[in-house]
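An overview of the molecular structure
For reference, the chains in residue letters:
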Amino acid sequence: MSDMMKVSSNPHVRSKVTTSNIMMWVVISLLPAAGYGVYNFGVDALIILLISVASTVLTELIYEKCMHKPVTIGDYSAVVTGLLLGMNLPSTVPWWLPVIGGVFAILVVKMVFGGLGQNFMNPALGARCFLLISFPALMTNFVTDTYTGATPLAALKNGESVTVMDMIIGRTGGTIGETSMIAIVIGACILIMLGIIDLKIPGSYIVSFVIFLCLFGGHGIDPVYISAQLAGGGLMLGAFFMATDYVTSPITNRGKYIYGIFLGVMTGIFRCFGSSAEGVSYAIILGNLLVPLIERYTMPRAFGIRKEAKKA
Amino acid sequence: MSGEKKKGALGLKMDSPMERVFNGLIVENPTLVLMIGMCPTLAVTTSAINGITMGLATTFVLALSNAVIALLHKIIPDTVRIPAFIVVIASFVTVVQLLLEAYMPSLNDALGVYIPLIVVNCIIFGRAEAYASKHAVVPSFFDGIGMGLGFTCAITCIGLLREIIGSGTAFSVQILGEGTVVPGAVGKFLSMYQPVRIFVMQAGAFFVLACLIATMNRIKRNMAAKGKDTSKFGVGGCCTVNDAGKPVKVKHEKEAD
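Notes on the structure in this doc start here. (Residues numbered from 1 in each chain as written. Chains lettered and ligands numbered in written order. Predicted model: local features only at pLDDT ≥ 70, side-chain atom pairs only at ≥ 80, totals over all residues. Heavy atoms only, no water.)

1. Looking at the overall build of chain A
Each helix and strand in chain A was counted, giving 14 helices and zero strands. Each helix and strand of chain A, ordered N terminal to C terminal, gives the series α-α-α-α-α-α-α-α-α-α-α-α-α-α. The C-alpha radius of gyration of chain A comes to 20 Å, within 12% of the 20 Å expected for a compact globule of 312 residues. With the C-alpha coordinates of chain A rotated into their principal frame, the extents come out at 65 × 55 × 35 Å. Burial status across chain A gives 49% buried among its 312 residues. (Helix = DSSP H or I, 4+ residues; strand = E, 2+ residues; numbered from the N terminus. Rg over C-alpha atoms; globule rule 2.2 N^0.38 Å. Buried < 20%, exposed > 50% of the residue type's maximum accessible area, 1.4 Å probe, protein only.)

Right under this line is the structure:
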């Protein structure tokens, strides 16, 4: 009834696409990678994922109740944040780490700036970097019952050899959701086929990263090294699920390419010349900060409006 | 601001020493209300002891330079007042720096370049320009004391919070985390604490400062809701622009009575 009585100006576009719809598909497409993480690291990983999701959703609920705001946990965006945060943690972390991360992600990065759509930075990545800086020892402890050595990326940085096949399937140490390239790509294909994300950002990100590695990686065009770099660490997860976050990526087409190339170059710089083997999360949050600037300079010209002549 | 009887905060006589000190400590707290002097606030507050030293050094310079500038303000030509202020302030900063080097070398090392940088501290310039160059010596001196103590309190608070959260110590005494000085079962519980390192890094200063300013605004808003005269609160503070309506309203009602 209420739908029938709505009066609004044309054009009347009808669409079944809603925020909660999109977010639910993102959750579903994250499940293969999360599921592989649980299979790979055991029950510990499942518990970390559940705690992480629970803490983000509860934080959003409690904050909105306390501030007398409409409750928005029904749009599943907090679930996505929680799931991504959990997948960015090693399975060995103590239970309170995802709780702190979840509260930080929702309260500081998202809600204080006005909730979904207003956050200037991907909440899950903001929280991951917060935890990584605050508890470096806990956040880089990848030793589990099955995997004892360093992560493949760290081994690669030290000049040791790695098995690329293992890295693509995901039989390596690392954070819960990042190890299996195949599972992540399956999830990404779902999103791309549904039209929820497109290949502009991930494509330009990965291509520019590969070009950067060929030029400055120190190994020349070495297929093994490059595929190991692509399959290792958070690159795939970051490129498909975090760099494409609607809120914190540019909406203009040219802007998307610029943003992707920036991420690729920054990730390359962090990985090749930085002290740590990993650099995806820092690259993406740096990129997030540049988004307003990129959008401003790639604003498309409105039809019929001439470019402003430069004043002499 | 009408009438001959100008009253300051708390109904104290305007420009009396007590009113000036209270004004600097709370009403126009330089860090939390006026939000000036942010550079040392964010840079040196990694520990409570750093904060307190920096604050007291600034208070010393602020009080004496305010007094001297108030004394000289009729002599200083308006066009060259900024260089003249700098000369006065820089002399006192040199005194402080030499004293610190002689008697507290370790703290001097910890504060490093920020001691000489007191010369360009915005609070000192601001008070010299806004207050001392227009008022008599005694109120200017106490204005400096009040502002300095307000600054000291604020940055000691920030330093203490950052130190407790970021390294588990308070005034260099380990109270949280491994090696806590608290004995018994409570100590065992406290030793489980993991220091959140980001709080002793630069970003942590912003987190703590934001929380303190939010708390301060909340207190002010509550006081306004209770109908206390808070019209003097936060004049000129950029953080109080949003709720400027309320206090003004309260004032008008009082005047109508």
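2. Observations concerning the interface of chain A and chain B
Note: interface size is frequently given as the accessible area lost on complex formation between the parts. Each partner contributes to the interface: chain A provides eight residues, whereas chain B provides eight residues. When the two sides are added together, the surface that chain A and chain B hide from each other amounts to roughly 610 Å², 84% of it contributed by carbon and sulfur. A per-residue breakdown of the area chain A buries against chain B is headed by Phe130, Ile133 and Ser134 of chain A, which together make up 57% of the total. Linking chain A to chain B there are zero salt bridges. Put simply, chain A and chain B have one residue pair in polar contact (both at pLDDT 80 or more) between them. Secondary structure elements with two or more residues in the side of chain A that touches chain B: helix H4 (96-111) and helix H5 (123-134) of chain A. (Contact = heavy atoms within 4.5 Å. Buried area = accessible area lost by both parts, 1.4 Å probe. Salt bridge = Lys/Arg side-chain N within 4 Å of Asp/Glu carboxyl O. Polar contact = N/O pair within 3.5 Å; in protein donor to acceptor, adjacent residues only side chain to side chain.)

3. Let's talk about the layout of surface pockets
Space inside the largest pocket adds up to approximately 1,100 Å³. As for the largest pocket, its lining consists of 33 residues, of which Val108 and Val112 of chain A together with Phe207, Ala210 and Cys211 of chain B are closest to the centre. Counting residues per element, the ones that place at least two in the lining of the largest pocket are helix H2 (43-66), H4 and H5 of chain A together with helix H7 (137-167) and helix H9 (202-225) of chain B. No other element matches the ten residues that H9 of chain B contributes to the lining of the largest pocket. (1 Å grid on protein atoms, 1.4 Å probe; cavity = no way out; pocket = protein on both sides within 12 Å on 5 of 7 lines; lining within 4 Å. Points joined across faces, edges and corners; volume = space filled by probe spheres on them.)

4. Here we look at helix H1 (residues 19-41) of chain A
Residues and elements named next belong to chain A. Between its first and last C-alpha, H1 extends 32 Å over 23 residues, near the 33 Å set by a 1.5 Å rise per residue. Of all the bends found along H1, the most pronounced is centred on Leu31 and spans about 40°, while Pro32, a proline, follows it within four residues. Along H1, the residues classified as buried are Ile22, Met23, Val26, Val27, Ser29, Leu30, Ala33, Ala34, Tyr36, Gly37, Asn40 and Phe41. Each element contacted by the buried residues of H1 is listed here: H2, helix H3 (77-87), helix H8 (164-169), helix H9 (181-193) and helix H12 (235-242). One or two residues past the end of H1 sits Gly42, with phi positive at roughly 90°. (Expected span 1.5 Å × (residues − 1). Bend = angle between axes of the 7 residues up to and from the residue.)

5. What to know about a nonpolar patch on the surface
Residue and element names in this part refer to chain A. A surface patch of nonpolar side chains, about 840 Å² in accessible area, is lined by Val207, Ile211, Leu215, Phe216, Tyr257, Ile261, Val265, Ile269 and Phe273. Contributing elements (two or more residues each) for the nonpolar patch: helix H10 (200-216) and helix H13 (253-273). It is H13 that contributes the most residues to the nonpolar patch, five residues altogether. Looking at where Val207 falls in the secondary structure, it is placed in helix H10. (Patch = residues over 30% accessible without salt bridge, like charges linked within 9 Å, V, L, I, M, F, W, Y side chains within 5 Å. Areas by Shrake-Rupley, 256 points an atom, 1.4 Å probe, with all protein chains shown as cover.)

6. Considerations on the packing of aromatic side chains
Geometrically, a pair of aromatic rings is defined through the distance of the ring centres and the angle of the planes. A full pass over the atoms with the stated rule returns eleven aromatic pairs over all chains. Ring pairs connect the aromatic residues Phe104 and Phe130 of chain A together with Phe199 and Phe207 of chain B, which therefore count as one cluster. (Phe/Tyr/Trp six-rings, centres within 6.5 Å; stacked < 30°, edge-to-face > 60°.)

7. Observations regarding H4 of chain A
Residues that lie three or four places apart on an α-helix share one face, since the helix turns once every 3.6 residues. The terminal C-alpha atoms of H4 of chain A lie 21 Å apart, and with 16 residues this matches the ideal 22 Å at 1.5 Å per residue to within 8%. The largest bend along H4 of chain A measures about 25° and falls at Phe104 of chain A. Residues of H4 of chain A that are buried include every one of Leu97, Pro98, Gly101, Gly102, Phe104, Ala105, Ile106, Val109, Lys110 and Met111 of chain A, and no others. Check the buried side of H4 of chain A and you find it contacts H2, H3, H5 and helix H6 (136-139) of chain A together with H9 of chain B.

8. Considering the packing of H2 of chain A against H3 of chain A
The angle between the axes and the distance between the axes are what describe a pair of packed helices. Residue and element names in this part refer to chain A. At their nearest, the axes of H2 and H3 sit 8 Å apart, and the two run at 145° to each other. When you trace H2 past H3, the crossing you get is right-handed. Counted together, Ile48, Leu49, Ser52, Val53, Thr56, Val57 and Glu60 of H2 and Ala78, Val79, Thr81, Gly82, Leu83, Leu85, Gly86 and Met87 of H3 form the full contact between these two elements. (Axes fitted to C-alpha atoms, helices over the stretch in contact; angles between N-to-C directions. Left-handed = near helix turned anticlockwise from the far one by under 90°.)

9. Some thoughts on the pattern of salt bridges
A side chain with one charge can pair with a side chain of the opposite charge if their charged atoms come near. Residue and element names in this part refer to chain B. By the definition in use, this model includes eleven salt bridges over all chains. For the salt bridge of Arg20 with Glu19, the shortest nitrogen-to-oxygen distance reads 3.1 Å. Notably, a salt bridge pairs Glu129 with Arg81, separated by 2.8 Å at the nearest N-O pair. Here Glu129, found in helix H6 (residues 122-132), pairs with Arg81, found in helix H4 (residues 81-103); they are 48 residues apart in sequence, far enough to count as distant. In this structure Arg81 comes out as partly exposed when scored by relative accessible area, which is 26%. When salt bridges with common partners are traced through the structure, they connect Glu19, Arg20, Glu28, Arg127 and Asp143 into a single cluster.

10. Some thoughts on the side chain of Thr248 of chain A
All names here are of chain A. Examined against the element boundaries, Thr248 turns out to sit in the loop between H12 and H13. Using a relative accessible area of 2% as the deciding quantity, one classes Thr248 as buried. A polar atom in the side chain of Thr248 sits 3.0 Å from the side chain of Asp245. Those residues in contact with Thr248 that sit more than four places away from it in its chain are Asn119, Phe120, Met121, Asn122, Tyr259, Asn288 and Val291.

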